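Observations on the three-dimensional arrangement
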Amino acid sequence: MLRWRRVINQCQKDGVRARDFKPCVAKTPNFLYTPGMENISDEVFELARAGRERYLAALSAPASRRPGLLALLAYHEMLARIPRTAGEPMLARIKLQWWIDVAPGIAGGRPPSHPVARALAAALDGVPGAAAKLRALAEAESFWLDQDGEPPLAALSAHAHAAGGGLHELMLGVLGVDDDEAWAAARVVGAACVLADWALGGPSPGAAGEAAHAARRMLAEARSRRVGRGAYPALAAARLLDKPLEDLENGRSPTLRAAEPGPGAVLSVWWGKVTGRF
């Protein structure tokens, strides 16, 4: 009881009430409407929620940083969907190129009239190197347009570092963290998240097991580093990946991701914030 009281007390300090520990936490209004989040668009919010682990991790950030993190998650999810939904590879390349071209304007505070672009411009104000990193994230998704079947693990890992590692670097920028150990840990956690997404997406059992093994090694590497608590929201997704990755590596069917995060996942992320362990 004392442990959970500590968790709830910590959450209350960040403007989160005990009633948010419900299975419907993702739809709880004050997770969206906390200070600094009043003007977030529905499109950004729904895109950000699609990445369940990262979404819960972002909600562990101080309220003033959450809109920026959700904007980055929305951008990542939107880019990842382009190769899957564009229909034609050429159309997908055109869409990705548009985001590459508008990246300097977004980072410079001159975003196009797109809800994700506007949210990014507000989030990345003052973040060093934001334009180059936004471009790199869009360029990374072209990887899927060159694949015929399941990619080899080496190529997939390189893509994971480019897409996931780059995203988590930007998350640290939004959090205002400037620490080499934190950046190194965030890059490999981000890569592990991308590998986990792919492995849980239904490839062949052998390929899924290899990817899961590689992702678990990345998480172990990240956890070997001494990281301050300020970086936790960029790392906390790791807490929710251990069990499904272990299942995949050992040839078991992983527990399916729930459409809405349950109380166990929420408590795991918040308890990690209290203890500083990801």
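The residue count restarts for each chain, going from 1 along the sequence in the order it is written. Residues qualify for local features only when their pLDDT is at least 70, as the model is predicted, and side-chain atom pairs are given and counted only at 80 or more; totals for whole chains, interfaces and linings, by contrast, use all residues. The side-chain numbers reported here are obtained from all heavy atoms of the structure, hydrogens and water having been left aside.

**Examining the packing of aromatic side chains**
Aromatic contacts are taken between Phe, Tyr and Trp rings whose centres are within 6.5 Å, Trp giving its six-membered ring; a plane angle under 30 degrees counts as stacked, one over 60 as edge-to-face, and the others as tilted. On inspection of all chains with the given rule, the structure shows 4 aromatic pairs. Here Trp 98 and Trp 99 contribute two aromatic rings whose centre-to-centre distance is 4.8 Å and whose plane-to-plane angle is 90°, an arrangement assigned as edge-to-face. Per-residue accessibility, obtained with a 1.4 Å probe over protein chains only, is compared with the maximum for each type, and a residue is labelled buried under 20%, exposed over 50%, and partly exposed between these values. Overall, the relative accessible area of 37% leaves Trp 98 in the partly exposed class. With a centroid separation of 4.9 Å and 80° between ring planes, the pair formed by Phe 143 and Trp 144 is classed as edge-to-face.

**Considerations on helix 13 (residues 263-275)**
Only DSSP runs of H or I reaching four residues or more are called helices, and only runs of E reaching two or more are called strands; each is numbered from the N terminus. Every helix has an expected span of 1.5 Å times one less than the residues it contains. In this model, helix 13 (13 residues) spans 18 Å end to end at C-alpha, consistent with the 18 Å of a helix rising 1.5 Å per residue. Two residues or fewer past helix 13, Gly 276 is found with a positive phi of approximately 80°.

**Some words on a nonpolar patch on the surface**
Taken together, the side chains of Met 90, Leu 91 and Ile 94 define a hydrophobic patch exposed on the protein surface, amounting to about 300 Å² of accessible area. By the secondary structure assignment, Met 90 is in helix 6 (residues 89-107). Judged by relative accessible area, which is 56%, Met 90 ranks as exposed. Here, patches come from residues exposed beyond 30% relative accessible area and free of salt bridges, joined within 9 Å for like charges and within 5 Å for nonpolar side chains (Val, Leu, Ile, Met, Phe, Trp, Tyr). Method for areas: the Shrake-Rupley scheme with a 1.4 Å probe, in which residue coverage is limited to the protein chains shown. Salt bridges are defined as contacts in which a side-chain nitrogen from Lys or Arg sits within 4 Å of a carboxyl oxygen from Asp or Glu.

**Regarding the environment of Pro 128**
One can find Pro 128 in the loop between helix 7 (115-123) and helix 8 (130-140). Since its relative accessible area comes to 64%, Pro 128 is described here as exposed. Residues Pro 128 and Gly 173, spaced 45 residues apart in sequence, show a C-alpha to C-alpha distance of 7.5 Å.

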